[in-house]
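The residues making up each chain are set out below.
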Amino acid sequence: MISAILFDFGGTLDSDGQHWLNRFYRIYDQIGLSQTPKEKIKEAFYWADSQLEIDPAIRSAGFRLMMEHHVHLQFEKLGLKDSKLEAQAAEAFYRPSEKVLHRNRSILERLRHDGFRLGIVSNFYGNVPTLCAEAGLTPVLTVILDSVLVGLKKPDPKFFQMALDQLKISADHTAFVGDSFERDIVPAKAMGMTTLWMTSDLNLPASDPSKIDKTLYSLEDLPAALRALRADVPA
C-alpha cells in the first residue's frame, strides 16, 4: 500500500511533464529566434544550468528571478543582446509554470489530507525550498531535498534513500512521480518504488516501458492513478 509520494520538481510540479529544455526550444520559436540551432540552445541551456548551480545568490531566488537569470545566461552564451526578447523568453517560461504550480498546490493539499506523506527529490540550484515556500507547498511537504544543498544528484540511489530515511518509510510503500525516465523512473523502480512517469508530447518515448507503473500527462491524473494502483493490489 502506497503511503508516501515523492516528486521531482522541474518539469513535474511546474509543468505537465515537459522538460525545461524542450520548452525552451518552443519558446525560441515563439519569440522569433527559430533560426537559432537547437544544438546551440541546448549548449546554452546546460551552461546556464551549471552557472546557477554554483551561484549562492540563487538559493533565495523565487521562480521569476531564477528564470530571468537563467534566460539572461542563455542569451549571453548565444551572443544575443536583446533585452526585450530576453524578457519575453523568461515570461513565456515562468507564467505557465506559475499557473501549474498554483493548480498543483491544491492537488498536493488533497493528497496530504488523504493521509499521504509527501516530499520532493530534485536536481536543482539550491532554491527548491524557496520555490516551495513561494508556491505555498511547504506546509504539505515532509521532505524537501535539493541536489545542491545535499551534495547528491539523481539517479544516485543514495539521494532517494535520504528521502525515504527522512520519511521513515520503505521503498515498497512509496511512489515516485517524475518527468525524467532515466533520472527518476529507472532508479526509483530499481529501489522498489511504484513509478509514475509524467510525460508530454515533447518527450521521447521511454526506452523500457516495463519500468513504468502508470503514465501521467498532468498531476491532475495522479489521484485516479493512485486509486487504480490501489485497486490492483491483492486483498
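From a predicted model like this one, the values you see are computed outputs, not experimental measurements.

Novice: Would you explain the pairing of strand β3 (residues 143-146) in this entry?
Specialist: Regular strands have side chains that alternate between both faces of the sheet. Alignment of strand β2 (residues 117-122) against β3, held across four bridges, turns out to be parallel. Within β3, the position partnered with G119 by the bridge is V143. Read from β2 through helix α5 (residues 128-134) to β3, the crossover connection turns out right-handed.

Novice: It is not clear to me how the side chain of D8 should be interpreted in this structure. Could you clarify?
Specialist: Along the chain, the position of D8 falls in the loop between β1 (4-7) and α1 (20-30). Here T12 takes part through its side chain, which lies 3.0 Å from a polar atom of the side chain of D8. A polar contact of 2.8 Å, which involves the side chain of D8, links it to the side chain of K154. Those residues in contact with D8 that sit more than four places away from it in its chain are L13, V121, S122, K154, F176, V177, G178, D179 and D184.

Novice: Before we go on, may I ask you to explain the sheet that holds strand β6 (residues 214-216) in this structure?
Specialist: Neighbouring strands of a sheet are bound in pairs by backbone hydrogen bonds; such pairs are parallel or else antiparallel. Strand order across the open sheet formed by six strands is β3-β2-β1-β4-β5-β6, with parallel pairing between neighbours. Bordering the open sheet on either side are β3 and β6, each of which pairs with just one other strand. Ignoring which end each strand starts from, the neighbouring axes of this sheet average 20 degrees apart. In this sheet, strand β4 (residues 174-178) lies alongside β1 in parallel orientation, the contact comprising four bridges. Each bridged residue has a counterpart across the sheet, and for L6 the counterpart in β4 is F176. The strands that helix α7 (residues 157-167) touches are β1, β2, β3 and β4; relative to β3, the one it contacts most, it runs at about 160 degrees. Contacts from helix α9 (residues 222-232) reach β1, β4, β5 (194-198) and β6 within the one sheet, and its direction differs from that of β6 by about 170 degrees.

Novice: What exactly am I supposed to notice about the pattern of salt bridges here?
Specialist: Charged atoms that come close allow side chains of opposite charge to pair. As enumerated under the stated definition, the model contains ten salt bridges in all. Between K154 and D8 there is a salt bridge whose closest N-O contact spans 2.8 Å. One end of the pair, K154, is in the loop between α6 (147-150) and α7; the other, D8, is in the loop between β1 and α1, with 146 residues separating them in the sequence. An identical accessibility class is assigned to K154 and D8; each is buried. Residue R95 is joined to E91 by a salt bridge in which the shortest nitrogen-to-oxygen separation is 2.5 Å. Remark: E91 and R95 occur in helix α4 (residues 83-113); sequence separation between them is four residues, near one turn of the helix. Residue R95 is classed as partly exposed on the basis of its relative accessible area of 39%. Counted as one network, the salt bridges with shared partners bring together D8, K154 and D184.

Novice: Help me understand the environment of L108, please; the structure alone is not making it clear to me.
Specialist: Checked against the element boundaries, L108 lands in helix α4. When the C-alpha positions of L108 and P56 are compared, they lie 29 Å apart, and in sequence the two are 52 residues distant. With residues near it in sequence (within four places) discarded, L108 still touches F7, L13, L118, L137, V140 and L219.

Novice: What should I look at first to understand the packing of α1 against helix α2 (residues 38-53) in this one?
Specialist: When two helices pack together, you describe them by how their axes are tilted relative to each other and by the distance separating the axes. At their nearest, the axes of α1 and α2 sit 10 Å apart, and the two run at 130 degrees to each other. With respect to their mutual orientation, α1 and α2 come out oblique. Of the two possible hands of crossing, α1 and α2 adopt the one that is right-handed. Side by side, α1 and α2 meet where W20, L21, F24, Y25 and Y28 of the first sit next to K38, I41, K42, F45 and Y46 of the second.

Novice: Can you walk me through α2 in this structure?
Specialist: Given 3.6 residues per helical turn, the α-helix brings residues three or four places apart onto the same face. Over its 16 residues, α2 extends 23 Å from the first C-alpha to the last, a length consistent with the 22 Å expected when each residue adds 1.5 Å. Turning to α2, its buried residues number three or more, namely I41, A44, F45, A48, D49 and L52. The buried residues of α2 occupy one face: seen down the axis, they fall within an arc of 140 degrees. Taken together, the buried residues of α2 touch α1 and α3 (63-78).

Novice: What is the right way to read unusual backbone geometry from this model?
Specialist: Backbone geometry follows two general trends: most residues other than glycine have a negative phi, and most peptide bonds adopt the trans configuration. Residue P155 is bonded to the preceding K154 through a cis peptide linkage, with omega at 15 degrees. Looking at the element boundaries, P155 is found in the loop between α6 and α7.

Novice: Could you clarify how one ought to interpret the packing of aromatic side chains in this entry?
Specialist: How two aromatic rings sit relative to each other is set out by the distance from centre to centre and by the angle between their planes. This model, assessed by the stated rule, comprises 14 aromatic pairs. Taking 6.3 Å as the distance between ring centres and 70 degrees as the angle between the ring planes, the aromatic pair formed by W20 and F63 counts as edge-to-face. On the criterion of sequence distance, the pair formed by W20 in helix α1 and F63 in helix α3 is long-range, its members being 43 residues apart. Of the two residues examined, W20 and F63, each falls in the buried class. Ring centres of F24 and F45 lie 6.0 Å apart, and the angle between their planes is 55 degrees; on these two criteria the pair is classed as tilted. Of this pair, F24 sits in helix α1 while F45 sits in helix α2; the two residues are 21 residues apart in sequence, bridging distant segments of the chain. You'll find F24 and F45 in the same group, each marked buried. Taken together, the ring pairs in this structure connect F9, W20, F24, Y28, F45, Y46, F63, F75, F93, F124 and Y125 into an aromatic cluster. A cation over an aromatic ring shows up here: R23 above the ring of F93, its NZ or CZ 3.7 Å from the ring centre.

Parameters at a glance
Residues numbered from 1 in each chain as written. Predicted model: local features only at pLDDT ≥ 70, side-chain atom pairs only at ≥ 80, totals over all residues. Heavy atoms only, no water. Pairing = 2+ DSSP bridges. Helix = DSSP H or I, 4+ residues; strand = E, 2+ residues; numbered from the N terminus. Right-handed = clockwise from strand over helix to strand, strands pointing away. Polar contact = N/O pair within 3.5 Å; in protein donor to acceptor, adjacent residues only side chain to side chain. Contact = heavy atoms within 4.5 Å. Axes fitted to C-alpha atoms, helices over the stretch in contact; angles between N-to-C directions. Salt bridge = Lys/Arg side-chain N within 4 Å of Asp/Glu carboxyl O. Buried < 20%, exposed > 50% of the residue type's maximum accessible area, 1.4 Å probe, protein only. Parallel < 35°, antiparallel > 145°, perpendicular 65-115°, else oblique. Left-handed = near helix turned anticlockwise from the far one by under 90°. Expected span 1.5 Å × (residues − 1). Arc of directions from axis to C-beta. Phe/Tyr/Trp six-rings, centres within 6.5 Å; stacked < 30°, edge-to-face > 60°. Lys NZ or Arg CZ within 6 Å of the ring centre and 35° of its normal.

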